[in-house]
Amino acid sequence: MNIQEIIKILTDAGIEPNEAEAEVKLMVREICNWSPIDIILERPLDTSKLDTVNEYAKRRAQTGRPIQQILGFANFYGKRYRVTEDVLIPRDETELLVEKALRIIFANQSKTILDIGTGSGCIACSIAANSETYVLGVDISSDALRIALENASTLNLNNKAVFRKSDIYSKINPNEKFDMIISNPPYIPEGTPLQKEVEFDPKLALFTKDAEGLEFYTKIAEGAADVLNPGGYILFECGQGQAQKIKKILAVNNFIDIEIDKDLAGIERVISARIL
Ligand code: GLN
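Note that the structure is predicted; figures quoted are calculated from it, not measured.

*Asks:* In this structure, what is going on with the site of the ligand? I would like to understand it.
*Replies:* The environment of the ligand is formed by Leu88, Thr94, Gly117, Thr118, Gly119, Cys122, Ile123, Asn184, Pro185, Pro186 and Ala205. Gly117 is positioned with one of its backbone polar atoms (N or O) 3.0 Å from a nitrogen atom of the ligand. Contact distances for the ligand include 3.3 Å between a nitrogen atom and a backbone N or O atom of Thr118. Protein chains shield 96% of the accessible area of the ligand, which is 300 Å² for the free molecule. Considering only residue class, the shell around the ligand consists of six nonpolar, five polar and no charged.

*Asks:* Would you mind showing me how to read the pattern of salt bridges here?
*Replies:* Think of it this way: side chains of opposite charge can pair up when their charged atoms draw near. A complete count under the given rule lists 18 salt bridges for this structure. Put simply, Glu23 and Arg60 hold a salt bridge, and the shortest N to O gap is 2.7 Å. Pair noted here: Glu23 is in helix H2 (residues 17–32) and Arg60 is in helix H4 (residues 47–63), with a separation of 37 residues, a long-range link. A relative accessible area of 3% places Glu23 in the buried class. Owing to a relative accessible area of 11%, Arg60 belongs among the buried residues under this scheme.

*Asks:* Teacher, can you tell me more about the packing of aromatic side chains here?
*Replies:* The geometry of an aromatic ring pair is captured by two quantities: the separation of the ring centres and the angle between the planes. Evaluation of the coordinates by the stated rule reveals three aromatic pairs. With a centroid separation of 6.5 Å and 40° between ring planes, the pair formed by Phe76 and Tyr77 is classed as tilted. Residue Phe76 is classed as buried on the basis of its relative accessible area of 1%. Considering the side-chain rings of Phe76 and Tyr81, the 6.1 Å spacing of their centres and the 75° angle between planes classify their relative orientation as edge-to-face. Against the face of Phe73 rests Arg80, its NZ or CZ located 3.8 Å from the ring centre. Between the NZ or CZ atom of Lys219 and the centre of the ring of Phe216, over which it lies, the distance is 5.6 Å.

*Asks:* Help me out: how do you make sense of H4 in this one?
*Replies:* Side chains three or four residues apart in an α-helix point the same way, a direct result of the helix having 3.6 residues per turn. Taking 1.5 Å of rise per residue, 17 residues should cover 24 Å, and H4 covers 24 Å from first to last C-alpha, within 8% of that figure. Buried-residue contacts for H4 involve helix H1 (3–12), H2 and helix H5 (67–71). Residue Gly64 follows H4 closely and has a positive phi angle near 80°.

*Asks:* Hey, could you run me through the environment of Thr63 in this one?
*Replies:* Relative to the assigned elements, Thr63 resides in helix H4. Spatially, the C-alpha atom of Thr63 lies 45 Å from that of Gly232, the residues being 169 residues apart in sequence. Setting aside its immediate chain neighbours within four residues, Thr63 contacts Ile70 and Phe200. Separated by 3.1 Å, the side chain of Thr63 and the backbone nitrogen of Arg65 make a polar contact.

*Asks:* What is the right way to look at H2 in this model?
*Replies:* Its 16 residues give H2 an end-to-end C-alpha distance of 22 Å, which sits within 8% of 22 Å, the value for a rise of 1.5 Å per residue. When H2 is considered as a whole, its buried residues turn out to be Ala20, Glu23, Val24, Leu26, Met27, Val28, Glu30, Ile31 and Cys32. Buried residues in H2 make contact with H1, H4, H5, strand E1 (73–76) and strand E2 (79–82). Looking at the residues trailing H2, positive phi occurs at Asn33, about 55°.

Criteria and cut-off values
- Residues numbered from 1 in each chain as written.
- Predicted model: local features only at pLDDT ≥ 70, side-chain atom pairs only at ≥ 80, totals over all residues.
- Heavy atoms only, no water.
- Near = heavy atom within 4 Å.
- Polar contact = N/O pair within 3.5 Å; in protein donor to acceptor, adjacent residues only side chain to side chain.
- Areas by Shrake-Rupley, 256 points an atom, 1.4 Å probe, with all protein chains shown as cover.
- Nonpolar A, V, L, I, M, F, W, Y, C, P; charged D, E, K, R; others polar.
- Salt bridge = Lys/Arg side-chain N within 4 Å of Asp/Glu carboxyl O.
- Helix = DSSP H or I, 4+ residues; strand = E, 2+ residues; numbered from the N terminus.
- Buried < 20%, exposed > 50% of the residue type's maximum accessible area, 1.4 Å probe, protein only.
- Phe/Tyr/Trp six-rings, centres within 6.5 Å; stacked < 30°, edge-to-face > 60°.
- Lys NZ or Arg CZ within 6 Å of the ring centre and 35° of its normal.
- Expected span 1.5 Å × (residues − 1).
- Contact = heavy atoms within 4.5 Å.

Shape is all these values report; function is a separate question.
Structural data, given as structure tokens:
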């Protein structure tokens, strides 16, 4: 059994060759503690560890489950996050949202951030780890919050990233105010046929009840004035084709300076604005 044979297990299961190679290299790196140089030099692998990689690859091939759920973690913004089937697997695009947030935070010396639908806590923890802010992550799912809390503890962010069960603003006290609201909310209309990439993500993290996937953007924007400090910011990640509609929602809710940023695929992905 060698690496090429393990890659073949994945390609035989219909996984793209590039993706299969990347996944096997990730497994080898994580399970065998290999560095990229070890991989390039194809150093011999300890058989028992190779057996483990083989087992993981077989599980991946048989179930179609994403590699992050099989390994139990995902890498995001330079850190490792525990993931289970109770949380959305952090996506590369979301790193753009974090980057935009950090730029605004530094420019405005923002101190308090509210992350709505925190899931694994990846946004909350990335912001807390890279700025002098206090981040409150809220979620309706207790199971997700347990994972977020575990991630914050592992990253030593217990005092900077805190978590609370709340249905959007339901458990935010009237005297709590924030300099920024950030969210990567569910944005897929319920009933949309599931694409392979999201098949194993929790439904709660994906779906909206309305036909356009705008339910959460609307709810968050409508209640934002009550929790934002004057001049506070709102930042959303959005799905393909939604940015212009969200721009309108923000405009009618007294937001100005609306900016839209594209992801690497050229899709309008991040929208930000400031409350009047
Ligand atoms: N905030 C988390 C993330 O961006 C979870 C988002 C969600 O579950 N919709 O990965």
